[in-house]
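Analysis of the macromolecular model
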Amino acid sequence: EQVENKPVRVWCDGCFDMVHFGHANSLRQAKALGHYLVVGIHTDEEIAKHKGPPVFTEEERSKMVKAIKWVDEVVEGAPYVTNLETLDQHNCDFCVHGDDITVTADGVDTYHLVKKANRYKEVKRTEGISTTDVVSRMLLMTRQHFYKGDKEYEVEKEHSSVMGQDKAARSPWTGCSQFLPTTKKIIQFSEGIEPKPTDKVVYVAGAFDIFHVGHLDFLEKAHQHGNFLIVGLHTDPVVNQYKGLNYPIMNLHERVLSVLACKYVSEVVIGAPYSVTADLMKHFHVDVVCHGKTPVKMDINGEDPYALPKLMNKFVIVDSENNMTTEKIVERIIINRLEF
Ligand code: CTP
Ligand code: C5P
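Structure report, in brief.

**Digging into the overall build of the chain**
Along the chain, the regular secondary structure elements total 14 helices and 10 strands. The contacts of the chain with a sequence gap of at least 6 include a subset with a gap of at least 24, amounting to 77%.

What follows is the structure, given as structure tokens:
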């Protein structure tokens, strides 16, 4: 029974390997069922035992979940089969999970204990996104990368031109993406706040493809240079132009949601220009523009995309102290797969 005024504490748990906006959306819905959200993360050993080794370590997975704006607390080493003792230990009223069945290696429903005790609630799983899907997109890419050899450039050119015509939301690179974005979802993920006149506005731009711990550390540092962080996301054709191959793995709409789910981000510019323009600086009242220590590719005219903010003395290099890249994730996936 709920005592009046007592905040409702919600428990969620999972693997949260390669955290994506589907995970974020389940945590958003879970938080809405109460006031305080505690998320349990399974250990690397337990995940390996029940569904195969994770791509990211417990430390990395936990850090990613902690940065999701609806999460209040993260508990590492949560048991694979959720039990009442764990819920009680963290004062959680009930447990929330997506409407898909998860089982142990022995086929036991991981939520059978909390279900029996009537301390289990379900939220709708986000369709069109899963870790498996993201992994197959990456494998699709490497297959073309390896087998087409020096034909890569042709593939890339063809893709960009198709993308320019914007054939629905289906990116030719992320061929298996079935995610259908709606304005409703964007609104649900968005803060919906405007900067106060006294706020110091920080602007960063990039691909933010397969949002990862490197991005996260970068955004945390960039956000410390002000108090309203705007992230500009380049379109799929622009990202493909400077990254080549089958990048981006996640299409623009998916990247929007992943970045919006991050607690340091106040606003996202959907399809930001590659070079920071005077119009953009003025329109968003940008005080500081940040970029990480990763190399900056020149624009199509061979010019520095940060030339303007540098000239205005509003450019800062931020050290994320993290060397994770989207390419490294792809590498890890391949190694992880080869082991099986
Ligand atoms: N989840 C969701 N929508 C998705 C993917 C996951 O709502 N598209 C939810 C799951 O139902 C679960 C939570 O996210 O409640 C995190 O659990 P995890 O064990 O990491 O999810 P998986 O189902 O393994 O996610 P994936 O299939 O993407 O690996
Ligand atoms: O490569 P991408 O465009 O996604 O990077 C977005 C921003 O994150 C860039 O400013 C980049 O320098 C920064 N970053 C970082 N550390 C990493 C990865 C990215 O500072 N490990």
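**Here we look at the site of ligand 1**
As a matter of local geometry, ligand 1 sits amid 16 residues, with Phe16, His20, Lys51, Ile129 and Thr131 nearest to it. Contact distances for ligand 1 include 3.2 Å between an oxygen atom and a backbone N or O atom of Cys15. A distance of 3.4 Å separates an oxygen atom of ligand 1 from a polar atom in the side chain of His97. Compared with its free state, where it exposes 560 Å², ligand 1 has 92% of that area covered by protein.

**Observations concerning the site of ligand 2**
The environment of ligand 2 is made up of 15 residues, and the closest members are His215, Thr294, Ser320, Asn322 and Met324. Separating an oxygen atom of ligand 2 from a backbone N or O atom of Phe208 is a distance of 2.9 Å. One of the backbone nitrogen or oxygen atoms of Asn322 is found 2.7 Å away from a nitrogen atom of ligand 2. Isolated, ligand 2 exposes 460 Å² of accessible area, and the fraction of that covered by the protein chains is 90%. In this structure, ligand 2 is accommodated by the second largest pocket.

**Some words on the sheet that holds strand 10 (residues 315-317)**
Taken together, the five strands give an open sheet; going across it, the order is 8-7-6-9-10, and neighbouring strands pair in parallel fashion. In this open sheet, the two strands that pair with only one neighbour each are strand 8 (267-270) and strand 10. On average, each strand axis in the sheet is inclined to that of its neighbour by 25 degrees, with strand direction left out of account. Relative to strand 9 (residues 288-291), strand 6 (residues 201-206) is paired through two bridges, and the arrangement is parallel. Note on strand 9: the bridge partner recorded for Val202 is Val288.

**Describing the environment of Lys115**
Here Lys115 lies in helix 5 (residues 112-116). Exposure remark for Lys115: the relative accessible area of 30% places this residue in the partly exposed category. With 15 residues separating them along the chain, Lys115 and Asp100 place their C-alpha atoms 14 Å apart. Excluding its chain neighbours within four sequence positions, the residues that come into contact with Lys115 are Ile101, Asp109 and Tyr120.

**Some thoughts on empty space enclosed by the protein**
The final tally for this structure, using the stated rule, is three cavities of 30 Å³ or more. Here the largest cavity defines a volume of roughly 140 Å³. Lining the largest cavity are 16 residues, and of these Met18, Val19, Met64, Ile210 and Phe211 sit closest to its centre. Top contributing element to the lining of the largest cavity by residue count: helix 3 (residues 58-66), with three residues. Volume-wise, the second largest cavity comes out at about 110 Å³. In terms of lining residues, the second largest cavity is bounded by Val19, His20, Phe21, Ala24, Met64, Ala67, Ile68, Phe211, Ser258, Ala261 and Cys262. For the lining of the second largest cavity, the per-class residue count stands at nine nonpolar, two polar and no charged.

**Some thoughts on the pattern of salt bridges**
When the charged atoms of two side chains with opposite charge come close together, those side chains can pair. In the structure shown here, the tally under the stated rule is 19 salt bridges. When the shortest N-O distance is used, the salt bridge between Asp217 and Lys63 registers 2.9 Å. One end of the pair, Asp217, is in helix 9 (residues 213-223); the other, Lys63, is in helix 3, with 154 residues separating them in the sequence. By relative accessible area, which is 11% here, Asp217 ends up buried. The class for Lys63 is partly exposed, based on a relative accessible area of 33%. Here Lys124 and Glu127 are joined by a salt bridge, their closest N and O atoms 3.5 Å apart. Accessibility classification places Lys124 together with Glu127 in one group, the exposed group. Residues participating in the shared-partner salt-bridge network are Asp133, Arg137 and Glu254.

**Things to note about the layout of surface pockets**
Unfilled space is identified by rolling a water-sized probe across the atoms. By volume, the largest pocket amounts to about 970 Å³. As for the largest pocket, its lining consists of 40 residues, and the residues nearest its centre are Cys15, Phe16, His23, Lys51 and Thr131. Those elements that place two or more of their residues in the lining of the largest pocket are strand 1 (9-14), helix 1 (21-32), helix 2 (44-51), strand 4 (94-98), helix 6 (131-148) and helix 14 (326-338). Per-class residue counts for the lining of the largest pocket are 16 nonpolar, 17 polar and seven charged. The space that makes up the second largest pocket amounts to roughly 790 Å³. As for the second largest pocket, its lining consists of 33 residues, of which His215, Lys243, His291, Thr294 and Pro295 are closest to the centre. Within the residue set of the lining of the second largest pocket, elements represented by two or more residues are strand 6, helix 9, helix 10 (236-243) and helix 14. Per element, the largest residue contribution to the lining of the second largest pocket is three residues, and it comes from helix 9. Per-class residue counts for the lining of the second largest pocket are 13 nonpolar, 13 polar and seven charged.

Criteria and thresholds
- Residues numbered from 1 in each chain as written.
- Chains lettered and ligands numbered in written order.
- Predicted model: local features only at pLDDT ≥ 70, side-chain atom pairs only at ≥ 80, totals over all residues.
- Heavy atoms only, no water.
- Helix = DSSP H or I, 4+ residues; strand = E, 2+ residues; numbered from the N terminus.
- Contact = heavy atoms within 4.5 Å.
- Near = heavy atom within 4 Å.
- Polar contact = N/O pair within 3.5 Å; in protein donor to acceptor, adjacent residues only side chain to side chain.
- Areas by Shrake-Rupley, 256 points an atom, 1.4 Å probe, with all protein chains shown as cover.
- 1 Å grid on protein atoms, 1.4 Å probe; cavity = no way out; pocket = protein on both sides within 12 Å on 5 of 7 lines; lining within 4 Å.
- Sits in = over half its atoms within 2 Å of the grid points.
- Pairing = 2+ DSSP bridges.
- Axes fitted to C-alpha atoms, helices over the stretch in contact; angles between N-to-C directions.
- Buried < 20%, exposed > 50% of the residue type's maximum accessible area, 1.4 Å probe, protein only.
- Points joined across faces, edges and corners; volume = space filled by probe spheres on them.
- Nonpolar A, V, L, I, M, F, W, Y, C, P; charged D, E, K, R; others polar.
- Salt bridge = Lys/Arg side-chain N within 4 Å of Asp/Glu carboxyl O.

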